[in-house]
Amino acid sequence: MRAAQVKAFGGPEVLTTVELPDPVPGPGEVLIEVAHADTIFVETQVRTGLFRAYFPVEPPYVPGGGVAGTVTAVGAGVDAGWVGRRVTSFVTGSYAERVTAPVTAPTPVPDGLDLRTAAALVHDGVTAAGLLEHTAVGPGDRVLVLGASGGMGTLLIQLARARGARVVAAARGARKSALVRELGADAVVDVSEPDWVERARQALGRPEPTRAAEAGDETTTGTTTEAHATTEAHATTEAHAAAEADAAADVVLDGVGGELGLAAFPLTADGGRFSAHGVPSGGFAAVDAAEAERRGVTLFGIGDVQFGEAEARRLTAHVLAEAAAGRLRPVIGARFPLTEAAAAHAAIEGRELVGKVVLGM
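Since the structure is predicted, the reported quantities are computational estimates derived from the model, not experimental observations. (Residues numbered from 1 in each chain as written. Predicted model: local features only at pLDDT ≥ 70, side-chain atom pairs only at ≥ 80, totals over all residues. Heavy atoms only, no water.)

Some remarks on the packing of helix 3 (residues 124-134) against helix 10 (residues 309-324)
Here is step 1: Here helix 3 crosses helix 10 at 100 degrees, and the two axes come no closer than 9 Å. By the angle between their axes, helix 3 is roughly perpendicular relative to helix 10. Touching Gly125, Val126, Ala129, Gly130 and Glu133 of helix 3 are Glu311, Ala312, Arg314, Leu315, Thr316, His318 and Val319, all from helix 10.
Here is step 2: Across the contact of helix 3 with helix 10, the residue classes tally to five nonpolar, four polar and three charged. (Axes fitted to C-alpha atoms, helices over the stretch in contact; angles between N-to-C directions. Helix = DSSP H or I, 4+ residues; strand = E, 2+ residues; numbered from the N terminus. Parallel < 35°, antiparallel > 145°, perpendicular 65-115°, else oblique. Contact = heavy atoms within 4.5 Å. Nonpolar A, V, L, I, M, F, W, Y, C, P; charged D, E, K, R; others polar.)

Structure below.
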């Protein structure tokens, strides 16, 4: 079979097409004929040698961890009824025409949902759905999504809105901003603008109440005028403080990390939730844990979106059903054949695409 293999740590050019022996399902395993392989940004970082502590791979290796395809064979002890089923699955080494997986890993794809769309939901759909559960996003919550035009960001917008939240999406540039607005974001801020943080704060704020008519006669003089001015000054200061507190996010979902994520942390409301789960910038947002504790902000990290098989299957089934029903639309920005995996990685790293990149076999 053909596969894309990382020959050495480095740039996209280290990904080459190779011929490998066909895998054979062992006891308790299924063989999947891959139609499409999922891709995520971190795979490009692992390819360069980053995050070795979390991804202890050594070249040569076949990258990728998610597929959509059809079960074509089963190993000993596996119900033969799996053969012919269309499934998604988490696997090891998905950039290949065939893969094996434990029978506990695949999730059936609903009728009417194409395998390319299903593949786009393997990682990002599960993570997005699980993240919104962990951060308890609910009706009336104000949610700020960073990296909103990416594979997971586009899903977070839709899923958060379905939970009744008000979503402010942060994206870069006019084209990406238009996409997230089309997907249902209530407000959009362009992070390429120098004042994006202030714009986000304004977008997160609730409408100001109508200002009451000023008391007193404009002709009043003396101590009455001074008392009125003092009262008005106090009222203005208090109103400003209240507006500042109100113009914040109940939940910040940081899928970018680095300085951008750090700049977004002050936008989290006291008592709110902040999730630092993205590293396209090269590292997670370095949020001050002591400051978060002082303000009562609950911090979530990448460890909070690592799911066991049963939980992953439950979340997968949920997002696949939502997509099959037309309530969730993964955005696929580009599709590359397996033989052009290097070009796919280059496109992902270029950050000009919106949504997901999938590999077709």
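Digging into helix 10
Each full turn of the α-helix corresponds to 3.6 residues, which orients residues three or four apart in the same direction.
Here is step 1: With 16 residues, helix 10 extends 22 Å from end C-alpha to end C-alpha; this agrees with the ideal 22 Å at 1.5 Å per step.
Here is step 2: For helix 10, the full list of buried residues reads Ala312, Leu315, Thr316, Val319, Leu320, Glu322 and Ala323. All buried residues of helix 10 fall inside an arc of 160 degrees around its axis, so they share one side.
Here is step 3: The first or second residue beyond helix 10 is Gly326, which carries a positive phi of 85 degrees. (Expected span 1.5 Å × (residues − 1). Buried < 20%, exposed > 50% of the residue type's maximum accessible area, 1.4 Å probe, protein only. Arc of directions from axis to C-beta.)

What about the environment of Ala68?
Here is step 1: Along the chain, the position of Ala68 falls in strand 4 (residues 66-74).
Here is step 2: In this structure, the C-alpha to C-alpha distance between Ala68 and Leu121, residues 53 residues apart in sequence, is 9.4 Å.
Here is step 3: Ignoring anything within four residues of it in the chain, the contact list for Ala68 reads Val34, Ala35, His36, Val87, Thr88, Leu115, Ala118 and Ala119.

Observations regarding the confidence of the model for the protein
Here is step 1: Across the protein, the average pLDDT comes to 90, with 89% of residues at 70 or higher.
Here is step 2: Per-residue pLDDT stays below 50 along residues 233-243; that stretch engages in zero contacts with residues further than four places along the chain or on separate chains. (pLDDT = per-residue confidence, 0-100.)

As for the packing of aromatic side chains
Here is step 1: Summed over all chains, the structure comprises one aromatic pair.
Here is step 2: Geometrically, the ring pair formed by Phe265 and Phe274 is edge-to-face, given 5.4 Å between the ring centres and 80 degrees between the ring planes.
Here is step 3: Note on Phe265: relative accessible area 6%, which makes it buried.
Here is step 4: When the ring centre of Trp82 is taken as origin, the NZ or CZ atom of Arg85, which lies over that ring, is 4.5 Å away. (Phe/Tyr/Trp six-rings, centres within 6.5 Å; stacked < 30°, edge-to-face > 60°. Lys NZ or Arg CZ within 6 Å of the ring centre and 35° of its normal.)

Details of the pattern of salt bridges
Here is step 1: Applying the stated criterion across every chain, the model contains 18 salt bridges.
Here is step 2: Asp141 serves as the salt-bridge partner of Arg273, at 3.1 Å between the closest nitrogen and oxygen. Of this pair, Arg273 sits in strand 12 (residues 268-276) while Asp141 sits in the loop between helix 3 and strand 8 (142-146), and the two are 132 residues apart along the sequence. As far as the burial class goes, Arg273 and Asp141 line up, both buried.
Here is step 3: Note that Glu322 is salt-bridged to Arg327, the shortest N-O span being 2.9 Å. (Salt bridge = Lys/Arg side-chain N within 4 Å of Asp/Glu carboxyl O.)

Concerning the sheet that holds strand 10 (residues 187-190)
Here is step 1: On the basis of which strands lie adjacent, the open sheet formed by six strands has the order 10-9-8-11-12-13 and parallel pairing. Of all strands in the sheet, those with a lone pairing partner are strand 10 and strand 13 (298-301), marking the two edges. With direction set aside, neighbouring strand axes in the sheet form an average angle of 15 degrees.
Here is step 2: Lying on the sheet, helix 4 (residues 151-162) is in contact with strand 8, strand 9 (166-171) and strand 11 (249-254); it crosses strand 9 at an angle near 170 degrees. (Pairing = 2+ DSSP bridges.)

Examining the environment of Gly205
Here is step 1: Secondary-structure assignment places Gly205 in the loop between helix 6 (196-204) and helix 7 (223-246).
Here is step 2: Leaving out residues up to four positions away in the same chain, Gly205 has contacts with Asp246 and Ala247.

Considering the side chain of Thr44
Here is step 1: Counting through the fold element by element, Thr44 comes out in helix 1 (residues 41-47).
Here is step 2: By relative accessible area, Thr44 is classed as buried at 1%.
Here is step 3: Polar side-chain contacts of Thr44 include one of 2.6 Å to the backbone oxygen of Phe41.
Here is step 4: If near-sequence neighbours (up to four positions away) are discounted, Thr44 is found in contact with His345, Ile348 and Glu349. (Polar contact = N/O pair within 3.5 Å; in protein donor to acceptor, adjacent residues only side chain to side chain.)

Concerning the nonpolar core
Here is step 1: Leu156, Ile157 and Leu253 are the most contacted members of the largest nonpolar core, which totals 41 residues.
Here is step 2: Breaking this core down by element, the ones donating at least two residues are helix 2 (115-119), helix 3, strand 8, helix 4, strand 9, helix 5 (174-182), strand 11 and helix 10.
Here is step 3: Tallying contributions element by element places helix 4 first for this core, with six residues.
Here is step 4: Of all hydrophobic cores here, the second largest spans 24 residues; its members include Leu146, Val189, Val256 and Phe265. (Core = buried A, V, L, I, M, F, W, Y, C linked by side-chain atoms within 4.5 Å.)

Quick notes on unusual backbone geometry
Here is step 1: Between Pro59 and the following residue, Pro60, the backbone shows a cis peptide bond with an omega angle of -5 degrees.
Here is step 2: The topology assignment puts Pro60 in the loop between helix 1 and strand 4.
Here is step 3: Positive phi, normally seen in glycine, also occurs at Phe51, with a value near 60 degrees.
Here is step 4: For Phe51, the location among the structural elements is in the loop between helix 1 and strand 4.
Here is step 5: One non-glycine residue, Arg351, lies in positive phi territory at about 60 degrees.
Here is step 6: Relative to the elements of secondary structure, Arg351 occurs in the loop between helix 11 (341-350) and strand 15 (356-360).

Considering the pairing of strand 1 (residues 2-6)
Here is step 1: Where burial is concerned, most of strand 1 is hidden: four out of the five residues are buried.
Here is step 2: Sheet topology places strand 1 next to strand 2 (residues 15-19); five bridges connect them, and they run antiparallel. Of the residues in strand 2, the one forming a bridge with Ala4 is Thr17.

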